[in-house]
Every structure is written in structure tokens, then in C-alpha cells.
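Chain and residue survey
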Amino acid sequence: MFDGYDSCSEDTSTSSSSDESEEEVAPLPSSLPIIKNNGQVYTYPDGKSGMATCEMCGMVGVRDAFYSKTKRFCSVSCSRSYSSNSKKASILARLQGKPPTKKAKVLQKQPLVAKLAAYAQYQATLQNQAKTKAAVPVEGFSWGNYINSNSFTAAPVTCFKHAPMGTCWGDISEGVRVEVPNTDCSLPTKVFWIAGIVKLAGYNALLRYEGFENDSSLDFWCNVCGSDIHPVGWCATSGKPLVPPRSIQHKYTNWKAFLVKRLTGAKTLPPDFSQKVSESMQYPFKTSMRVEVVDKTHLCRTRVAVVESVVGGRLRLVYEESEDKTDDFWCHMYSPLIHHIGWSRSIGHRFKRSDITKKQEGHFDAPPHLFMKVKEVDTAGEWFKEGMKLEAIDPLNLSAICVATIRKVLADGYLMIGIDGSEAADGSDWFCYHATSPSIFPVGFCEINMIELTPPRGYAKLPFKWFDYLRETDSIAAPVKLFNKEVPNHGFHVGMKLEAVDLMEPRLVCVATVTRIIHRLLRIHFDGWEDEYDQWVDCESPDLYPVGWCQLTGYQLQPPAPQSSRDSQSSSSKQKKKAKSQQYKGHKKKRKIPVGKKPVSLSSLPMTGGVRRSFSGDDELTPPPYRTLPAQTAPEAFQPPRTSREFSPSLKTESFSFSLMHHITELILGKKESSCFRTSSEARL
């Protein structure tokens, strides 16, 4: 509905008589034809063709712009008012013993001048909207087109144990047959046909209808976990019709024999596949749960936050002191950044006490068993000590592995780490890593694996040598045997596509690529952006997802940056590089600018010491609206895995034997109906 008619209708529909004083009317466009009526000069819109009159307020306007299919009303308000008046008139007539009228009372029609003014305003609104749309083109992103046009490969779902179906994906692969809606059909009802998986890309599958052989003209992409994908035999058990696509109906006269031949020995989805998908998308965290989460403005401490929403296992946490609920933080429910209430006190971690003395009504503490368990460590023998040196991923610049120091040893294997040369005087930018964290490394890790190590800020003796630095600082390196050296068989390969969280803007999930693999460490590149925005991420990070995860969960996917953004970003980054010293390459406060978003200034963040450090530069922006998933009850005995490698037995695709194919003939009736074949409701597989 356009604004012009809405505003005019609200202003004039309350008049009770046409004898009221004339209202001021905006000047009409000169392009409209001039006509005369009773001595007065008016412009008249396009004659009578395509015009309509509102049955409620009498407004005249363009028919296509009117509300409802019947085009009887100019706005939603008029439609509702008409229905309300009809109902009242009907009730009143019944009480009075009279037959109800079919139409409600129509309000006084508006003067012709007001109608023409509304039309002119509507035309102006259309022109403004056209200009706006031309200035800001919006292009949708399709994983299928992106992968097809560039011959990309995607990381398999089995690489992501924390994602839906990640632990029970089974051997779903190319060649698996499924039943899907038949879009090449002119029937008025929804019909189905069998298709085979030609290519897999995460959750997405490129499907081809049976009978098309090598013809890819009608191939289409579909999310395997979507509601329109079913195992072969579902149509028979559900009484749904199987109809060959119209383009190939002439190819075979006996479709029963064709299907028997094609499906003998083929595989399909397990019968309980949709149930498994539903179960894997039930999340134990619920809204209003209270947790402890890292303070994004002071990494050295935690704060109490409340779960505001849960999308695909990702939590939008609102800090408890935030009255307007804009001070938030996004993370996965298995993130090492969130803990149960009381965790900070139990290990000796710094904690910011809330100004709220009592829990707000409806809020409750999340049970401790919902959080990811860390591996138990033996601290009785040789252990980390304060002052020991190591290498660590800088949480404020995830593209850099830096020289770091253990500043404090906490309980249960937790360590407070500081980046050499960039620490605040009060230690407010220290950050907490567990001893088994894949984000800390022994001295020499970068050199051995040919990774550029970021030296301390202001360190002039380059190239950096650990031996010289340890001697100059009179410090020792942390023992190599204390670090986590486990490397899982993760399944990632260089060049694989996936969806990844931009951990510098944790509300954003972006199109990304694995560009380098060092043991269990992955170099994640965000498509369309400079390499300096890359991030080092662990292979089991809960912030990595298969292709199609956003579509499945209803989360918003950030597409690759357009060429214009890349060019401007590239030129600005080159200018910055020239202005900076070549000796220091770390701690750049880099932020990607999502399409349609403004860069957020960090000037409003509190200063600690000599360096401004924040976990997210997006303090003033709230996440985009997401589709809310229906509330689901988590199992009482839910236990998160200690590591994401622990998983349940996988589902196996169902194979067809010849004995089963004896029943496939029941899928299709021998009789032709409406130029197509239909399934028998009694058929079973």
C-alpha cells in the first residue's frame, strides 16, 4: 500500500458532510491533463481506465494500488473498518429482528480535489521510490549460482560436529535418490517426482530429475534438510502423486519399468531423516537464561548477560545492565566465552558485578551442564607459570599470531594471557585461554610452520628471534609438552567453501573460504575482502558452519563484498600501509563494513592504559531481525560433548534391493490420468 492514499484517507475519512470547508490541496503535477467541471479547473488522472473507488471512504485511485485481491479498499484500515461495520450492522439487525444488510455503511465520499491530490501524491511517491531503488540496488546471493559459476567445492557437513546433522549425516552423497516437488508440471495441485543428487555443497544439493540423463537444463539446488526433500517411498505412504516432468513424458511409455531399472540398488535418505533434522535443531538454551560472558569492552573480566534469542544454536546475549537491550553480544552456545553463573568466582577470574541486586522477573540461571566441558588437566606436576612466554592468537586481531606472556595462572587450567608490547597498564586487556586451547602455541610454532609471527609493538630488533628476545627479557618459554598437540581428522581442505562468523563482528555470518591449514588451525578468508581481514580459527570452532546453514536456521548470510567495496577498501588499506611503519604489522583495529552498514567508531569505548581494546567494534549496532524459531523443549538429560569430536552413530542411507523394487511398481498406476501417472496410496517401501 502506498503512503499517499493512507495519509489522505486518515485525514479525510472522518468528515461527516461534504459541506465542510475545503482543505488545502498540494499542487498537482503539470503533466496531468487539464479538464473543467462547473467552472473549476482540475487535472484528471488517466481517464477512467484502471481506476477504483474505495467502498469504505470513497477514495478514488489507481486500481493496482488498492488493497486486497478484489481491489475494493484503498488501505488496510478501510478494509478492517468495513468488516467491523458489517459485523456491527449484522449483529444489530439480528437483535432488531431484521435481515442483516450485505454492505456496511459507506462513509461520505471525498471532494474531487482531495481525490486528485491523493493521486498526485501517490505518483510522486512512486517516483521517489523508483529513484531510491535505482540508487541502492539490492542483489540476492545464491550459493548454488556461486558454486556453479566458479566450480567451487564446499566443506562437508561432517566437518561441523556442532551443526545440525553434523554427527549423523551418514553417507549422504552424490547418487542418492529423493522425492521432491515437480516444478515442470502444469497441474494445479502439488505433485512430486524422483531426483538424484548430482553435487553436494554442505546442506545444499544439486538435484536432477530422473529421466533427464545428461540434460542439466532443469537442475536445481535445494537444501537437503528442507521440508520438501523426502526419501523414496514417502509419496506412496503419504498418498502423494508421482508425476514425471512434462518435458520428458514422451521419452518413455512404461514409467514403471523405468523406475524399477533406475532405482534398483540405489540409495535414498533414511526414513527418519526429517525427524533427525528436527531433533538436531533443538537447543537446550532458552530465552531469559542468565550466563557469564566475556565483557567485550574489557576482555579481562566477565559480566552477567541474559539470553535474548536463540538462532541455530547461536545466542544473542544482552548484558544485564542494558536497559534498552542494545548492549549485546553474539556467540554460539558451545563458545568458550560463555560460562555458568559462578564460574568466575570458582576459578579466580575477574568479574564485573551487576548494578542489579535482584534477578529480574522471569530470569533464571542456565544449568552448568549445558556448557561445553573442557578437558581436565593435571596441574600438580610441571605447569604453566606467570611470566612464561608463548605464542597466541590475538583475540582483537585474529589474523595475527603474536608474542605473548602468561600474566596469571587461574584454577582448573585457565590462564590469563597478555600480548607483549600492547598491554594496558592495569591489565584490562588480558584475555583468558584454557591450557588446552588451540589458540595458544609453544615458542617457535610460527617459525616451524612458516607463519608470520607478530613481534611486540615497538620492538626494533628485526627480524624477530625468540632466542634473543628471551635473553633480553630474562624470561623462559612455556614447556612444549604442556600444550594441546591433538590434531583431529577434521576433513577440511584448502579451497573449501563454508559459512563463518566474523569474530570481530560476531553478529555477522559471512561467505568464506579455507585458504590454509596448519595441523588443526584453519586460515579463514572472507570472500570479497582483503587478505588482511583473514582470521585464524580452530577446525572444531563452533563459529564455522556448512554451506546452507543460514538458510536452514533462518540466520542472515552476509554475501561477498561487491567490487566497488573491494576497490575502496583496497585503496584505503594501501594508503594506511604506506603511512604506517613497516616494522609493526599487528593490532590493526580492522573491521569489515557489511553491505548497507556504516563503520562503527571505537572512540566511544573506554580507554584502559595506553591502548583501546574492545572485543567488538559494533557496540552501537543491534543485530538484524532474524526469523524466530519455535520454542522447543530440550531433553532433561542433555549433555554437551566434551569436544566436538564426540558424536552419535551416523545415519545410513537406505539401499534398494531387487526384492524391494518388486513393490516400486505400486508407486505408479498403470492408468494414465490427465496426461500423467499417479502413485497408489497403498504402495509401501
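The notes below deal with the structure included here. (Residues numbered from 1 in each chain as written. Predicted model: local features only at pLDDT ≥ 70, side-chain atom pairs only at ≥ 80, totals over all residues. Heavy atoms only, no water.)

**Some thoughts on the pattern of salt bridges**
Going through the model one piece at a time under the given rule, you end up with 26 salt bridges. Of the charged contacts, one joins E321 and R303 as a salt bridge, the two residues approaching to 3.2 Å between their closest N and O atoms. Pair noted here: E321 is in the loop between β14 (314-319) and β15 (328-332) and R303 is in strand β13 (residues 298-311), with a separation of 18 residues, a long-range link. Here the salt bridges share partners, and the residues they tie into one network are D295, K296, R301, R303, E321 and D327. (Salt bridge = Lys/Arg side-chain N within 4 Å of Asp/Glu carboxyl O. Helix = DSSP H or I, 4+ residues; strand = E, 2+ residues; numbered from the N terminus.)

**Some thoughts on unusual backbone geometry**
Following L462, the chain continues to P463 via a peptide bond in cis, the omega torsion being 0°. Mapped onto the fold, P463 is located in the loop between β24 (453-454) and α10 (466-473). Unusually for a residue other than glycine, S151 sits at a positive phi of about 55°. Within the secondary structure, S151 sits in the loop between α4 (143-150) and β5 (153-154). Of the residues examined, S151 reaches a relative accessible area of 63% and is grouped as exposed. Phi at S288 takes a positive value of approximately 80°, unusual for a residue other than glycine. (Buried < 20%, exposed > 50% of the residue type's maximum accessible area, 1.4 Å probe, protein only.)

**Considerations on the environment of F467**
You can see F467 is positioned in helix α10. Taking relative accessible area as the criterion, F467 reaches 62% and is therefore assigned exposed. The spacing of F467 and G444 is 23 residues in sequence and 9.7 Å in space, taken between C-alpha atoms.

**Some words on the pairing of strand β20 (residues 397-409)**
When you tally the buried positions in β20, you get 10 out of 13 residues, the bulk of the element. Alignment of strand β19 (residues 389-394) against β20, held across six bridges, turns out to be antiparallel. When the sheet's bridge partners are listed, L390 is paired in β20 with A404. Where β19 folds back on β20, the antiparallel hairpin that results is connected by two residues. In this sheet, β24 lies alongside β20 in parallel orientation, the contact comprising two bridges. Paired with I401 across the strands is L453, a residue of β24. (Pairing = 2+ DSSP bridges.)

**Some points on the packing of aromatic side chains**
Under the defined criterion, the tally for this structure stands at 29 aromatic pairs. Relative to Y203, the ring of W169 has its centre 6.0 Å away and its plane inclined at 75°; by these criteria the two rings are edge-to-face. Of this pair, W169 sits in the loop between β5 and β6 (177-181) while Y203 sits in the loop between β7 (192-201) and β8 (204-209), and the two are 34 residues apart along the sequence. When sorted by exposure, W169 lands in the same class as Y203, which is buried. Put simply, the rings of F141, W143, Y146 and F152 touch in pairs and so form one group of aromatic residues. Above the ring of Y319, the side-chain terminus of R303 is found at 3.9 Å from the ring centroid. Between K497 and the ring centre of F152, over which it is positioned, the NZ or CZ distance is 4.0 Å. (Phe/Tyr/Trp six-rings, centres within 6.5 Å; stacked < 30°, edge-to-face > 60°. Lys NZ or Arg CZ within 6 Å of the ring centre and 35° of its normal.)

**A look at α10**
Along α10, the residues that are buried comprise W466, D468, Y469 and L470. Its buried side turned inward, α10 meets β19, β20 and β24. Downstream of α10 by one or two residues, D474 has phi in the positive range, about 50°. (Contact = heavy atoms within 4.5 Å.)

**Topic: α4**
Those residues of α4 that fall on the buried side of the exposure criterion are W143, G144, Y146 and I147. The arc that holds the buried residues of α4, viewed along the axis, is 165°, so those residues lie on one side. The outward face of α4, more than 90 degrees from its buried face, is lined by the exposed residues N145 and S149. Downstream of α4 by a residue or two, S151 has a phi angle that is positive, lying close to 55°. (Arc of directions from axis to C-beta.)

Interpretation note: all reported values are geometric properties and have no functional meaning in isolation.
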